[in-house]
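# Observations on the model geometry
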Amino acid sequence: MSNIIVIDHLGIAPKIKEVLESIYDPELKPANIVDLGLIYEIITKEGGIAKIVMTLTAPGCPVAGEIMDEVQRKVAAIEGVNESLVELTFDPPWNRDMMSEEAKLELGFL
């Protein structure tokens, strides 16, 4: 899972990653938020808790709330998840080097 830190006590991180790959930053389509390198951690804990630690391309991202809401909603809908938490961080700050080669190609950075 690229550079994503995964602590998966429930065995559902691959399903969470798959769902996250269906979420896009509208300003950087067609690359999804996983390929953009915006997901830092996927953590699942006893009791059906799933926590996503993520960043945005910039602190002033105008669609920050929408993206985080979509992450929370879609992860919460996964079987086995009772509580979906999304934590936003800018440490480390995002940069283009965090993108997958595929995302760089799709967005014309290669």
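Residues numbered from 1 in each chain as written. Predicted model: local features only at pLDDT ≥ 70, side-chain atom pairs only at ≥ 80, totals over all residues. Heavy atoms only, no water.

The biggest cluster of nonpolar side chains holds 33 residues, and the ones touching the most others in it are Ile16, Leu20, Ile39, Ile52 and Val71. Mapped by element, the contributors of at least two residues to this core are α1 (13–20), β2 (39–45), β3 (49–54) and α2 (64–76). Ignoring sequence-local partners within four residues, the contact set of isoleucine 16 consists of Ile42, Thr44, Ala50, Ile52, Val75 and Ile78. (Core = buried A, V, L, I, M, F, W, Y, C linked by side-chain atoms within 4.5 Å. Buried < 20%, exposed > 50% of the residue type's maximum accessible area, 1.4 Å probe, protein only. Helix = DSSP H or I, 4+ residues; strand = E, 2+ residues; numbered from the N terminus. Contact = heavy atoms within 4.5 Å.)

A few words on the environment of lysine 51. Within the secondary structure, lysine 51 sits in strand β3. C-alpha separation for the pair lysine 51 and leucine 85, spaced 34 residues apart in sequence, amounts to 4.6 Å. Setting aside anything within four residues of it in sequence, one finds lysine 51 in contact with Glu41, Ile42, Ile43, Leu85 and Glu87. In terms of polar contacts, lysine 51 uses its side chain to reach the side chain of glutamate 87, at 2.9 Å. (Polar contact = N/O pair within 3.5 Å; in protein donor to acceptor, adjacent residues only side chain to side chain.)

A separate point is the sheet that holds β2. Sheets are built from strands paired through backbone hydrogen bonds, the pairs being either parallel or antiparallel. If you walk across this open sheet you meet the 4 strands as β1-β2-β3-β4, and the pairing is mixed. Edge positions in the sheet fall to β1 (5–8) and β4 (83–88), since each has one partner strand and no second. On average, each strand axis in the sheet is inclined to that of its neighbour by 10°, with strand direction left out of account. The strands touched by α1 within the sheet are β1, β2 and β3, with β2 carrying the most contacts at an inclination of about 140°. (Pairing = 2+ DSSP bridges. Axes fitted to C-alpha atoms, helices over the stretch in contact; angles between N-to-C directions.)

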